[in-house]
Amino acid sequence: MLRFLEILIIAALLHGTANAQSCRNPNQNTGYCISLYECPPLLNLVQKIQLTSDERSFLRQSQCENGFGRSPYVCCTRDINYSDRQTSTTITPIDTTTSTTTTRTTPSISPIRRQDGDLLPRTPACGPSSLSNRIYNGNNTNLDDFMWMALLEYRSRSGEKLLNCGGSLINSRYVLTAAHCVTGDIEKEVGQLNRVRLGEYDLSTDVDCIDRDCNPPVLEIEVEEAIPHPQYEASSRHRHNDIALIRLRTPVQLNEYIQPVCLPLPSVRSAINNSELLVVSGWGRTLLSRQSNIKQRLDVPVTSLSYCTDKFATRQIDVISSQLCAGGEFARDSCDGDSGGPLMRFKNAWYLEGVVSFGNRCGLEGWPGVYTRVSDYIDWIESTIRA
């Protein structure tokens, strides 16, 4: 009788193996070249918090070309390390063109559970992790890192196009951002929100490439409606309820470089601990000037609410529980132009925990950045979005 893991592997292999190529992994065992996301053993491995050097090398050498499904592609077997360090078993390729009975009766990968009226995706349809980044352990983002990140484009009174705030794609029609990015002073200082840019990596090039890997040209989609939270007060220095939804004029055609992020829905939510490292990402922008053309990432520690409240009280700013504080290390912070961008947490998939809101300038020692706590606004998001 097959073990449960073997069943999962065969299910993954059967899912489209009529179009997949056979391959050999680093142990010279035979498998199929398929999407990493349909290969449970290697997907579980790549989602580990820390990889050993052997595991990282094995993953890198397991990559293959012209696979089936969504890239990146791997030669999928039961193996998760070299055979001289772990016993492995060859998985014989399955011929689905002649074994239709087997195809019908073998368990398949479970579809995403959706409820009527539920417009927010669940894992694995959201928050995918970049294989390349985990294998190469790079400091900068890869082409497919944080593929839900958006840039907001404004049109000034003179007609100039300006990229300023960030945002996160949460489904094929909506981007989540900060309220101060869609209403208030930004309309006077920058301009009118016009379009949303998705699939961006390097602001200085039309098509972005790393080595031989290139992503498609960016998508630029017009804004149909900007919806700040109804209790947001643009004139308030406290920035309570600093969250907004942007409805795109047309649905996004998702691809391997544009995918939605997961939201911390009640069914998957867990407490965020003080000092826990979360990730903020952006292009390192100030209000009207660039610091980096390349999308960057930064790990920032969560700060206790009491410390954050006391700190900002000295500036007559009231920080409350629907806000989340992180950072406070010298020269390591999100900044003005990153407003609306994501503060993220990885738990088998990437979840959007915070929206960049404000700080006391940028990167000052002892002064954390303040983020809108997304989990407190799930009810509002779900009641506001529509198909």
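Scroll up for the structure.
Residues numbered from 1 in each chain as written. Predicted model: local features only at pLDDT ≥ 70, side-chain atom pairs only at ≥ 80, totals over all residues. Heavy atoms only, no water.

Novice: Go over the overall build of the chain, please, and point to the residues and values.
Specialist: A tally of regular secondary structure across the chain gives eight helices and 17 strands. Taking all 387 residues of the chain together, 54% fall into the buried category. If you take every contact in the chain between residues at least 6 apart in sequence, the share linking residues at least 24 apart comes to 72%. Carbon and sulfur atoms make up 46% of the accessible area of the chain, which totals about 18300 Å². (Helix = DSSP H or I, 4+ residues; strand = E, 2+ residues; numbered from the N terminus. Buried < 20%, exposed > 50% of the residue type's maximum accessible area, 1.4 Å probe, protein only. Contact = heavy atoms within 4.5 Å. Areas by Shrake-Rupley, 256 points an atom, 1.4 Å probe, with all protein chains shown as cover.)

Novice: Can you explain the environment of Pro251? Please cite residues and give values.
Specialist: With respect to the secondary-structure elements, Pro251 resides in the loop between strand E11 (244–248) and strand E12 (277–282). The spacing of Pro251 and Arg173 is 78 residues in sequence and 4.9 Å in space, taken between C-alpha atoms. Leave out the neighbours within four places in its chain, and Pro251 touches Ser172 and Arg173.

Novice: Pulling in residues and values, what's your account of the sheet that holds E12?
Specialist: On the basis of which strands lie adjacent, the closed barrel formed by six strands has the order E12-E13-E14-E17-E16-E15 and antiparallel pairing. Adjacent strand axes in the sheet meet at a mean angle of 45°, parallel and antiparallel pairs treated alike. Against the sheet, helix H7 (residues 305–313) contacts strand E13 (296–303), strand E14 (323–327), strand E16 (350–358) and strand E17 (368–373), and its axis sits at roughly 115° relative to E17. (Pairing = 2+ DSSP bridges. Axes fitted to C-alpha atoms, helices over the stretch in contact; angles between N-to-C directions.)

Novice: Describe in detail the state of the cysteines, supporting the description with residues and values.
Specialist: Covalently bonding the sulfur atom of one cysteine to the sulfur atom of another cysteine gives a disulfide. Taken as a whole and assessed by the stated rule, the structure comprises seven disulfides. Through a disulfide, Cys39 is tied to Cys76; the S-S separation comes to 2.2 Å. Taking the sign of the S-S torsion, 90° for the link of Cys39 and Cys76, the bridge is right-handed. In this pair, Cys39 is assigned in the loop between strand E2 (30–35) and helix H2 (40–46) and Cys76 in strand E3 (residues 73–76), connecting sequence segments 37 residues apart. The exposure classification of Cys39 matches that of Cys76, with both residues buried. Cys165 shares a disulfide with Cys181; S-S distance 2.1 Å. (Disulfide = S-S within 2.5 Å.)

Novice: Residues and numbers for the pattern of salt bridges, please.
Specialist: According to the stated counting rule, one finds twelve salt bridges in the structure shown. Ionic pairing is found between Glu220 and Arg195, a salt bridge with its closest N-O pair at 3.2 Å. One end of the pair, Glu220, is in strand E10 (residues 219–228); the other, Arg195, is in strand E7 (residues 192–198), and 25 residues separate them in sequence. On the basis of relative accessibility, which here comes to 36%, the residue Glu220 falls in the partly exposed class. Arg195 sits in the buried class, given a relative accessible area of 17%. (Salt bridge = Lys/Arg side-chain N within 4 Å of Asp/Glu carboxyl O.)

Novice: Which residues make up the sheet that holds strand E4 (residues 149–155), and what are the values?
Specialist: The sheet built from six strands closes into a barrel, its strands ordered E4-E5-E6-E11-E10-E7 with antiparallel pairing. Going across the sheet, the axis of each strand differs from the next one's by a mean of 45°, ignoring polarity. The pairing of E4 with E7 spans six bridges and is classified as antiparallel. Looking across to E7, one finds that Arg155 is bridged to Gln192.

Novice: Report on unusual backbone geometry, specifying residues and quantitative values.
Specialist: The phi angle at Gln28 is positive, at roughly 65°, despite the residue not being glycine. Tracing the backbone shows Gln28 in the loop between strand E1 (21–24) and E2. Phi is positive for Phe146, which is not a glycine, with a value near 50°. Checked against the element boundaries, Phe146 lands in the loop between helix H5 (131–136) and E4. Given a relative accessible area of 2%, Phe146 falls into the buried group.

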